[in-house]
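Topology and contacts: notes
Below, each chain spelled out in residue letters.
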Amino acid sequence: MTAGDTPPALRCASRHSGPRDGEECGARARFQIACHARPPLVVCPQHLGPALLLAEGVLWPPEITLVR
């Protein structure tokens, strides 16, 4: 990849109704949430709130960065 290429868009890592339903959101991720001893979560605006409240390892206070 050269400096002029744009990286592919990240996709939301959240599930629609739960971790066992198997259906991923797939929307474009806009936020990255820092987690303890885990890779950061990338989520869309719709899943930002639920991820902050329910995801494992989310730091408190949360560290959220904007993904472009």
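One can find the structure itself at the top, above this paragraph.
Summary of the structure given here. Chains are numbered independently. Their residues run from 1 in the order of the written sequence. At least 70 in pLDDT is required for a residue's local features to be given in this predicted model, at least 80 for side-chain atom pairs to be given and counted, and no such filter applies to totals for whole chains, interfaces and linings, which use all residues. For the side-chain quantities, the full set of heavy atoms in the structure was used; hydrogens and water were omitted.

Turning next to helix α1 (residues 45-54). An α-helical turn contains 3.6 residues, so any two residues separated by three or four positions project in the same direction. Exposure is judged per residue with a 1.4 Å probe applied to protein chains only, and the accessible area is read against the type maximum: over 50% gives exposed, under 20% gives buried, and values in between give partly exposed. Secondary structure elements follow DSSP: runs of H or I no shorter than four residues count as helices, runs of E no shorter than two count as strands, and numbering proceeds from the N terminus. Where α1 is concerned, the buried positions are H47, L48 and A51. Down the axis of α1, the buried set is contained in an arc of 125 degrees. They therefore lie on one face. Looking at α1, the residues exposed on the side facing more than 90 degrees away from the buried face are Q46, L53 and L54. Should any heavy atoms of two residues lie within 4.5 Å, those residues are considered in contact. Residues of α1 that are buried sit in contact with β1 (31-33), β2 (41-43) and β3 (64-66). The reported arc concerns the directions from the helix axis to the C-beta atoms and nothing else.

Our focus in this paragraph is the nonpolar core. In this structure, C12, C25, I33, C35, V43, C44, L48, A51 and V58 together form the largest nonpolar core, which totals 9 residues. Each residue touching C35, except ones within four places of it in the same chain, is listed here: L41, E56, G57, V58 and L59. Nonpolar core, defined: a set of buried Ala, Val, Leu, Ile, Met, Phe, Trp, Tyr and Cys residues in which side-chain atoms within 4.5 Å join the residues together.

Turning our eyes to something else, we now look at the environment of G26. Along the chain, the position of G26 falls in the segment before β1. A sequence separation of 16 residues divides G26 from L10, and the C-alpha atoms of the two residues are 8.9 Å apart. Setting aside residues no more than four positions away along its own chain, G26 makes contact with R11 and C12.

This brings us to the environment of G57. Counting through the fold element by element, G57 comes out in the loop between α1 and β3. Sequence separation between G57 and L41 is 16 residues, and the spatial gap between their C-alpha atoms is 9.9 Å. Once you skip the residues sitting within four places of it in the chain, G57 turns out to touch A34, C35, H36 and R38.

Geometric values such as these leave the question of function open.
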